[in-house]
Amino acid sequence: MDLLTLIGDIDENFYQLGLKDREVGKLVHQDVKMMLRTPWNSLNLVIQEVGKAVLKNSLLKNTEQFRHLKHYAEGMGIPVDEAAYVMLIPELVSSMSKWAPGFIKGNLGCSSFMLRNPEGEVVHGRILDFPLQGSYDRYERAISYDLTGIPKMLGFGASGIPYPSITLMTEDGITLALHQKFTNIFNPKGMSIFEYIFALTKVARDKKSAMEFINSHQTITTWCLYMTFKNGEVLACDLHGDKPFINELEVPETGILYFCNHLEDKSLNQRQFLPLGFDQYNLMRESIATKKIHNFLNKKKTQPTEAELIQLMSTPLDQKITSRNFKDYELDNVTSTSLSIMTMNPSAGRALYLGGPAPKIFNTDIIEISDSFGRAKQSPHKLKKAVNFDPEYHTGLHLMMEAQKGFDAHDSQAIYHYLQMAIDHLEHYPERKIAEFYFLIAQYLYESHPQVLANLLGEFKKFEDHLPPYLNDQCLLFIGRLERILKLPPSLEEDKIQTKKLREIYNRELMIPRAVFHVASKGMIVPRIDILDVIYVLTA
């Protein structure tokens, strides 16, 4: 991982950073842009027009923020509008459920672990999940920002992203991790989240000044800031456009706080928003993280060191799952899209970072960044008696994300190839069943011979009642579809589908004439292996 240091004028440093990013930064930008590509050119044009409208009303109207990005874009050799559009894409992805259901290709799923280490210092552990495998993790970096007029910071990101706005800590003892949330908020008058956080870091010195900023500034869509302060105070802030919701908490003297992507405002029901399976996705990861924390504290009887926290966060839990009890499977808090894992200890000016390619499964390549607010340097950090987690598991998860790229590109050969390889590598892990299930979905999308579909129906029925609840609902839908295509008596009872909106999809699909049903239905299906979901164009 590269470690850069920026000293002096903001605009000059952004320009120099743009020069450095001129080649590899564009590769990251290209991957980000793919998140909004659909098979329909007309929809792509609509998305671009929405993006342009938001740019005119937000970033490009703010002279100060526009100036920073303008210098970075000049260094990269690209128009500032293009750089601003790339920074805006995560906003559009987050809000697409409001105006283009069925095309959410990215999810900034994340985990934050907050605790006091054995010395009593506040530590913030962070996992970043995002579907940019092969670009973000290849060009990941840390930047020490020593810029005129603002606090010194250490930010984590990748080439193509100039701001310390995803994961950071400051010399004032603040840590910040950006988590994505999904609602139907879309506020064109709000600030881009990257600009918002950069502006926040310029003025935040403690909880009071951070809250003053949050209460007086708007975002475009829903995000969450998880922040710790050197005295142990915590802010969990859902940013809902012009209506922030703030939870004030404390880091306990013993124990560990865990956060993922649940809405902090419990008056809002996550299940009413797309993606439909996002609540299950959060509950599973929270459950696994809680079990890991419980197991560690019961065994060690002491607070974890930062290196032990890295290992806790990034080591998959042995769930003792077999084919007989797969319905009890839970997605781990470290997933196939885990791009970066680190701990931040601003009091000590120290951060630990898990090296190696994504997905970030535990390995002994731990990097320590010390003197983060002075002459920052990095060196290997040794963890006694530690060994790499099974490389077969890492390879299997990597292949599942390659298969997801195949789904996004509508490349059946890539999907079949990578899922079959994933199944082989995950032979001894429960995630094998996930790969097998999505392999069946791929066959529904790309096969049409009646005999193949009849065999496929039998395979789906083998999964029935042997999957986690939300995926079981999806399985029931595919069984009902195949029975209809094959002119078989329906075995599906609508009430068996637990998810209300999936029942609505089932009833809407019944309105499609049987003669065109297979072609029509598969054109509305968007598989998402990364969040254990299937998204539908029909969803509203």
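Note: the structure precedes this text.
Residues numbered from 1 in each chain as written. Predicted model: local features only at pLDDT ≥ 70, side-chain atom pairs only at ≥ 80, totals over all residues. Heavy atoms only, no water.

Asks: Any chance you could explain the packing of aromatic side chains here in plain terms?
Replies: Working definition: an aromatic ring pair is given by the centre-to-centre distance plus the angle between the planes. Taken as a whole, this structure holds 18 aromatic pairs when the rule is applied. Each ring, one from Phe 389 and one from Tyr 429, has its centre 6.3 Å from the other, and the planes form 50°; the classification is tilted. Here Tyr 429 lies in the loop between α11 (412–425) and α12 (431–446) and Phe 389 lies in the loop between β15 (377–380) and α10 (391–409), a separation of 40 residues in the sequence. By relative accessible area, which is 22% here, Phe 389 ends up partly exposed. By the ring-pair criterion, three or more aromatic residues cluster together here, those being Phe 437, Tyr 438, Tyr 444, Phe 460, Phe 463 and Phe 478. When the ring centre of Phe 517 is taken as origin, the NZ or CZ atom of Arg 484, which lies over that ring, is 4.8 Å away. (Phe/Tyr/Trp six-rings, centres within 6.5 Å; stacked < 30°, edge-to-face > 60°. Helix = DSSP H or I, 4+ residues; strand = E, 2+ residues; numbered from the N terminus. Buried < 20%, exposed > 50% of the residue type's maximum accessible area, 1.4 Å probe, protein only. Lys NZ or Arg CZ within 6 Å of the ring centre and 35° of its normal.)

Asks: Where do I start with the sheet that holds strand β13 (residues 350–354) in this structure?
Replies: Adjacent strands of a sheet form backbone hydrogen bonds with each other and so pair up, either parallel or antiparallel. The antiparallel open sheet is built from 7 strands, whose spatial order is β11-β2-β3-β12-β13-β14-β15. Where the open sheet ends on each side, the last strands, each with one partner, are β11 (257–259) and β15. Averaged over all neighbouring strand pairs, the angle between strand axes comes to 20°, with direction disregarded. Across 3 bridges, the pairing between strand β2 (residues 110–116) and β11 is antiparallel. Note that in β11 the partner of Met 114 across the bridge is Leu 257. The strands that helix α9 (residues 306–314) touches are β2, β3 (122–129), β12 (338–345), β13 and β14 (366–370); relative to β12, the one it contacts most, it runs at about 155°. (Pairing = 2+ DSSP bridges. Axes fitted to C-alpha atoms, helices over the stretch in contact; angles between N-to-C directions. Contact = heavy atoms within 4.5 Å.)

Asks: Mind showing me how you'd approach the pairing of strand β10 (residues 243–250) here?
Replies: Regular strands show a simple pattern: their side chains alternate between the two faces of the sheet. Sheet topology places strand β9 (residues 233–240) next to β10; 8 bridges connect them, and they run antiparallel. Paired with Ala 236 across the strands is Asn 247, a residue of β10. Count of turn residues in the β9/β10 antiparallel hairpin: 2 residues, of which Gly 241 carries a positive phi of about 65°.

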